[in-house]
Amino acid sequence: MSQLPPSLRPATRLIHGGTVRSNFGETSEALFLTSGYVYDSAEQAEGTFNGSVEHYQYSRFANPTVVMLETRLALVEGAEACRTTATGMAAVHACLLSHLKTGDRVVASRALFGSCHWIVSTLLPRYGIAAEFVDGADLAQWRAALARPAQLVLVETPSNPKLELVDLRAVSELAHAAGAIVVVDNVFATPLGQQPLELGADVVVYSCTKHIDGQGRVLGGAVLGRKKWVEETLQPFLRNTGPALSPFNAWVLLKGLETLALRVDAACRGAAAIAAFLADRAEVRRVWYPTRADHPQHALAAAQMQGGGTVVTFELADKDAAFAAMNRFRLIAVSNNLGDSKSLATHPATTTHMRIGAEERARLGITDGVIRLSVGLEDPDDLRDDLAQALSGG
Ligand SMILES: *Cc1c(COP(=O)(O)O)cnc(C)c1O
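What counts, and where the lines are drawn
Residues numbered from 1 in each chain as written. Predicted model: local features only at pLDDT ≥ 70, side-chain atom pairs only at ≥ 80, totals over all residues. Heavy atoms only, no water. Helix = DSSP H or I, 4+ residues; strand = E, 2+ residues; numbered from the N terminus. Buried < 20%, exposed > 50% of the residue type's maximum accessible area, 1.4 Å probe, protein only. Contact = heavy atoms within 4.5 Å. Areas by Shrake-Rupley, 256 points an atom, 1.4 Å probe, with all protein chains shown as cover. Lys, Arg positive; Asp, Glu negative; His and termini not counted. Charge placed at Lys NZ, Arg CZ, Asp CG, Glu CD. Salt bridge = Lys/Arg side-chain N within 4 Å of Asp/Glu carboxyl O. Pairing = 2+ DSSP bridges. Axes fitted to C-alpha atoms, helices over the stretch in contact; angles between N-to-C directions. Right-handed = clockwise from strand over helix to strand, strands pointing away. Expected span 1.5 Å × (residues − 1). Bend = angle between axes of the 7 residues up to and from the residue. Parallel < 35°, antiparallel > 145°, perpendicular 65-115°, else oblique. Core = buried A, V, L, I, M, F, W, Y, C linked by side-chain atoms within 4.5 Å. Domains from an automatic or database assignment. Near = heavy atom within 4 Å. Polar contact = N/O pair within 3.5 Å; in protein donor to acceptor, adjacent residues only side chain to side chain. Nonpolar A, V, L, I, M, F, W, Y, C, P; charged D, E, K, R; others polar.

Engineer: Where do I start with the overall build of the protein in this structure?
Structural biologist: Looking only at helices and strands, one finds 14 helices and twelve strands in the protein. Viewed in the frame of its principal axes, the protein has a C-alpha envelope of about 75 × 50 × 35 Å. Taking all 394 residues of the protein together, 53% fall into the buried category. Counting only contacts in the protein whose residues sit at least 6 apart along the sequence, the fraction spanning at least 24 positions is 72%. Just so you have it, the protein exposes about 17,100 Å², and 54% of that area is on carbon and sulfur atoms. In the protein, which carries 36 positive and 41 negative side-chain charges, the distance between the mean positions of the two groups comes to 2 Å.

Set out below in structure tokens:
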């Protein structure tokens, strides 16, 4: 295949990046649903194992469909290398465990996805890796925590569910001075809405389960970073521990990427419109959406994001009001997932953030009235109608 022009814009890379056609000249990417590979000879097998021959070896290590996805994701992110995993959590876990060892220290923003929080607060200390949490929006806390040496900084921005931002440029500088690499969970922003590597981060992770599939079908994860780190640190961990992405799921995700720009753009416009609508409703105490003037960090959002993302969070009076509204939705579904073409509403205090306990929820401002709305691809007017009838009592 002829080389794609390097100047291609992201929307074009999402469609063409990484495609390798077989001898059949198929238009759509081929699905190589195979666990293993055969060799022409014993010599070719020997050469494959000793590295003198380039040949697929085993799909736990690499697979042509999976490699197409990894190449495309790297091109879109502007990263030197990418590896994919079976889930987003496998990606986060592999990042942390491949880089860290006993005696190391991790600093993380407090507002992390629940399972990321569990890995840092509960799993890592079992292996003698110290963890410190800071309020992600508070640079003074980052400065204090990173005044001592650390090996890894983990942040999620915008965070789930309160859409709090971390200043990626400032935190990356502090982290590097402390000796740490910066890992950014970029799920909420998507690769089109924020480029952490350009802002100074070292590694970006995704749950491809969210916007990259975007149609609620498969789980997947991705890690992107420098070639040297990916090949020397991450890759041996992945090869030998085995959280490989299924080629089938890779194929679904490749097809998801083709429409990512259209979907994310439409959902972001829908989310901004819904945020404006909710802010005007008497029943709504507060709305959080990064690019709104009433978001405490909207200047930072403008500086480091393109658009505000597809999630809007809002607060009603209490749990009864939140549950009543959610139970009256006719179009919006109650679900703990996000980044789907269908609009999904979550009550974080009793679901996604139930396990962290009341004290930590209070610290994160996740009251019983908070609802997280992942805005999908429905006509925003229909979503507004559904929200209006749900808020006013049906
Ligand atoms: C969903 C999610 C994850 C975990 O991804 P899975 O694919 O569910 O394993 C991690 N971080 C964030 C921000 C997420 O939304």
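Engineer: Is there a simple way to explain the pattern of salt bridges in this structure?
Structural biologist: Opposite charge on two side chains makes pairing possible when the charged atoms of those side chains draw close. Applying the stated criterion across every chain, the model contains 18 salt bridges. For R226, the salt bridge is made with D202, and the minimal N-O distance between the two is 3.2 Å. Placement of the pair is R226 in the loop between β7 (221–225) and α8 (227–241) and D202 in the loop between β5 (181–185) and β6 (203–207), with a sequence separation of 24 residues. In this structure R226 comes out as partly exposed when scored by relative accessible area, which is 44%. Looking at D202, the relative accessible area reads 8%, which means it is buried. A network of salt bridges, in which partner residues are shared, links E29, R72, K255 and E258.

Engineer: Before we go on, may I ask you to explain the sheet that holds β6 in this structure?
Structural biologist: Sheets are built from strands paired through backbone hydrogen bonds, the pairs being either parallel or antiparallel. The strand order across the open sheet built from seven strands is β1-β7-β6-β5-β4-β2-β3, with neighbouring strands paired in mixed fashion. On the outer flanks of this sheet lie β1 (81–85) and β3 (130–134), each paired with one strand and no other. Here the strands of the sheet are splayed against their neighbours by 20° on average, with no regard to which way each runs. As judged from the five bridges shared by strand β4 (residues 152–156) and β5, these two strands associate in the parallel manner. The partner of E156 across the bridge, within β5, is D185. Its contacts with the sheet place helix α3 (residues 64–77) against β1, β6 and β7, and it is angled at close to 130° to β1. Sheet strands in contact with α8 are β1, β5, β6 and β7, and its direction is about 20° off that of β1.

Engineer: Is there a simple way to think about the pairing of β3 in this case?
Structural biologist: Every regular strand shows the same layout, with side chains that alternate between the two sheet faces. Bridge count for strand β2 (residues 105–109) against β3 is five bridges, and the pairing is parallel. Considered in β3, the bridge of V107 is made with E132. Where the polypeptide runs from β2 across helix α5 (residues 114–126) and back to β3, its parallel neighbour, the crossover connection is right-handed.

Engineer: Whenever I open this one, α8 confuses me. Can you help?
Structural biologist: Each α-helix winds once per 3.6 residues, and so residues spaced three or four apart point in a common direction. The terminal C-alpha atoms of α8 lie 20 Å apart, and with 15 residues this matches the ideal 21 Å at 1.5 Å per residue to within 8%. At L234, α8 shows its largest kink, close to 45°, and the proline P236 lies no more than four residues downstream. Of all the residues in α8, the buried ones are W229, V230, L234, Q235, F237 and L238. The inward-facing, buried residues of α8 abut β1, α4 (88–99), β5, β6 and β7. Just downstream of α8 lies G242, where phi reads positive at about 80°.

Engineer: Please explain the packing of α4 against α8 as it appears in this structure.
Structural biologist: Helix-helix packing is described using two parameters, namely the angle between the two axes and the distance between the axes. Close contact between α4 and α8 brings their axes to 9 Å; oriented N to C, the two are set at 110°. On the basis of their axis angle, the class for α4 and α8 is roughly perpendicular. Each of H93, A94, C95, L97, S98 and H99 in α4 lies in contact with α8, whose residues at this interface are W229, T233, L234, F237 and L238.

Engineer: Looking at this model, I keep getting lost on the nonpolar core. Mind explaining?
Structural biologist: Note on soluble globular proteins: their nonpolar side chains tend to be buried together. L278, F314 and L387 are the most contacted members of the largest nonpolar core, which has 49 residues in total. No other element matches helix α10 (residues 260–279), which puts eight residues into this core. Summarising the domain contributions, this core has at least three residues from each of domain 1 (10–258) and domain 2 (261–392). Ignoring any residue separated from it by four or fewer positions in sequence, one finds F314 in contact with L278, V284, R286, V287, W288, G369, V370, I371, L373 and L387. Core analysis: the second largest hydrophobic core is formed by 30 residues, L112, V120, W229 and L234 among them.

Engineer: Even after reading the chapter, I still don't get the site of the ligand, so can you show me in this structure?
Structural biologist: All residues in the neighbourhood of the ligand are listed as T87, G88, M89, F113, E156, D185, V187, F188, S207, T209, K210 and G220. Side-chain polar atom of D185 to a nitrogen atom of the ligand: 2.6 Å apart, as the coordinates give it. Residue T209 places a side-chain N or O atom 2.6 Å away from an oxygen atom belonging to the ligand. About the coverage of the ligand: the protein hides 91% of its 380 Å² of free accessible area. Looking at the shell around the ligand, its residues break down into four nonpolar, five polar and three charged.

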